[in-house]
Amino acid sequence: MTLRLGYGTNGLTDLRLDDALGLLADLGYDGVGLTLDHMHLDPLAPDLAARTRHVARRLGTLGLGVTVETGARYVLDPRRKHGPSLLDPDPEARAARTALLVRAVDIAAELGAHAVHCFSGIAPPGTGQGPDTGVGTGAAVRADTATGTAAAAATATAWHRLTDALAPVLDAATRAGIPLAIEPEPGHLLATLADFHHLRTLLGDPDALGLTLDIGHCQCLEPAPPTTCVEEAAPWLRHVQIEDMRRGVHEHLPFGDGEIDFPPVLEALAATGYDGLTVVELPRHSHAGPDLARSSLGFLRDAAARTTRSGVTAPC
């Protein structure tokens, strides 16, 4: 198998979108993780249909695949990072996030994307988030008997809000034939692979629900090493994000600045048969985006070339 490598536009926010796409194509990337945001393809600005058609033509001309990502920090609320979320106490606020995700599915269909990414959000106080460790709490909070019945009820409320808010998005994804790939995110209600499986169970394991696996997050907080996470997540993989990271510290790092041994991770990914994009995720390094896009591709190609499993090839 040959991995298909991409780079996230949330790490190229100092570039116009046309320039960012041209850069990635010139460097030799296979695709792009396109974050819908005001500096690139703004999902809330006028003339969305025309702008989306332009991006689709640009992607086609450059030969780039695409995943639509929805992690923009302030696209809905200019004063609240990632707000409102799917867990907001206000039903109208939750509905605004749901509507944005449904719109993202429509955009993805126009672009020919292979997945739409999303995450749960942080549970507001009193709805089961638990103590803020900075790493992640979802599964642990469910199992914390010391908090008693009230905490269990609060946590159940948070999960109910999440499943209810996701239902229209999953319906849209089913109609479009594009999977919704939810990401376990440190500090969020859905923080771990165990939380993803909890959500699957609550929703009845819909075909449209898949997983975004962030390799750095595996290093940060999962009990198993990243290679094992890849192997165990394989049946549900619909999108992959990749960067370096350290244990217990949720900080996206350029390759070589963290603790991850990448050749075995890439080997494990290739062995799963996953054929979507593996997207470099460096959202706080846009100031050095062009240089990091170049060096990241070189690093991953070199790491893939050092894999040992028979039949695995380095990315083109």
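You'll find the structure just up there.
In this text, all values refer to a predicted model and were calculated from it rather than measured experimentally. (Residues numbered from 1 in each chain as written. Predicted model: local features only at pLDDT ≥ 70, side-chain atom pairs only at ≥ 80, totals over all residues. Heavy atoms only, no water.)

How should the nonpolar core be read in this particular structure?
Looking at soluble globular proteins, one finds that nonpolar side chains tend to be buried together. Tyr7, Tyr29, Leu41, Leu111, Leu162, Leu166 and Leu213 are the most contacted members of the largest nonpolar core, which has 80 residues in total. Sorting elements by how many residues they give to this core places helix H5 (residues 148-176) first, with nine residues. In this structure, Leu213 is in contact with Leu193, Cys218, Cys229, Val230, Ala233, Leu237, His239, Val240 and Gln241, ignoring residues within four places of it in sequence. (Core = buried A, V, L, I, M, F, W, Y, C linked by side-chain atoms within 4.5 Å. Buried < 20%, exposed > 50% of the residue type's maximum accessible area, 1.4 Å probe, protein only. Helix = DSSP H or I, 4+ residues; strand = E, 2+ residues; numbered from the N terminus. Contact = heavy atoms within 4.5 Å.)

Before we go on, may I ask you to explain the pattern of salt bridges in this structure?
Opposite charge on two side chains permits pairing when their charged atoms draw close. Within the structure shown, the criterion is met by seven salt bridges. Three or more residues joined by partner-sharing salt bridges are found here, namely Asp77, Arg80 and Asp88. (Salt bridge = Lys/Arg side-chain N within 4 Å of Asp/Glu carboxyl O.)

Would you mind going over the side chain of Ser286 with me for this structure?
Mapped onto the secondary structure, Ser286 falls in the loop between strand E10 (277-280) and helix H10 (289-305). Reaching out from Ser286, the side chain makes a polar contact with the backbone nitrogen of Thr13 at a distance of 2.7 Å. Once residues within four sequence positions are removed from consideration, Ser286 is found in contact with Gly11, Leu12, Thr13 and Asp14. (Polar contact = N/O pair within 3.5 Å; in protein donor to acceptor, adjacent residues only side chain to side chain.)

Honestly, unusual backbone geometry in this entry has me stumped. Any pointers?
Trans peptide bonds make up the majority, and among non-glycine residues the majority have a negative phi. Pro84 follows Gly83 through a cis peptide bond whose omega is -15°. Following the sequence through the fold, Pro84 ends up in the loop between strand E3 (65-69) and helix H3 (91-111). The backbone phi angle of His82 is positive, close to 60°, even though this residue is not glycine. Looking at where His82 falls in the secondary structure, it is placed in the loop between E3 and H3. The residue Asp205 is not glycine, and still its phi comes out positive at about 55°. Mapped onto the secondary structure, Asp205 falls in the loop between helix H6 (193-203) and strand E6 (209-214). Taking relative accessible area as the criterion, Asp205 reaches 40% and is therefore assigned partly exposed.

Got a minute to help me understand the packing of helix H1 (residues 17-27) against helix H2 (residues 48-62) in this structure?
For any two helices packed against each other, the geometry is given by the interaxial angle and the distance between the axes. Contact pair H1 / H2: the axes reach a minimum separation of 10 Å and the direction vectors enclose 15°. By the criterion of interaxial angle, the relationship of H1 to H2 is roughly parallel. The interaxial crossing formed by H1 with H2 has right-handed handedness. Across the interface between the two elements, Leu17, Asp18, Leu21, Gly22 and Ala25 from H1 touch His54, Val55, Arg58, Leu59 and Leu62 from H2. Partitioned by chemical class, the residues of the contact of H1 with H2 number six nonpolar, two polar and two charged. (Axes fitted to C-alpha atoms, helices over the stretch in contact; angles between N-to-C directions. Parallel < 35°, antiparallel > 145°, perpendicular 65-115°, else oblique. Left-handed = near helix turned anticlockwise from the far one by under 90°. Nonpolar A, V, L, I, M, F, W, Y, C, P; charged D, E, K, R; others polar.)

Mind showing me how you'd approach helix H8 (residues 226-233) here?
Structurally, the α-helix is built with 3.6 residues per turn, so residues lying three or four positions apart point the same way. All of the buried residues in H8 are Pro226, Cys229, Val230 and Ala233. Along the axis of H8, the buried residues cluster in a sector spanning 100°; they form a single face. Tucked inside the fold, the buried residues of H8 contact H6, E6, helix H7 (215-221), strand E7 (237-242) and helix H9 (262-272). (Arc of directions from axis to C-beta.)

Explain the packing of aromatic side chains to me, please; I cannot follow it from the model alone.
To describe a pair of aromatic rings, you give the distance between the ring centres and the angle between the ring planes. Considering all chains together, one arrives at five aromatic pairs under this definition. Where Phe255 meets Phe262, the ring centres are 5.1 Å apart and the plane angle is 85°; that geometry is what we call edge-to-face. Overall, Phe255 belongs to the buried group, its relative accessible area being 12%. You can call Phe262 buried: its relative accessible area is 1%. Ring geometry for Phe262 versus Phe299: centroids 5.6 Å apart, planes at 90°, classification edge-to-face. Of this pair, Phe262 sits in helix H9 while Phe299 is found in helix H10, placing the two residues 37 residues apart along the sequence. (Phe/Tyr/Trp six-rings, centres within 6.5 Å; stacked < 30°, edge-to-face > 60°.)

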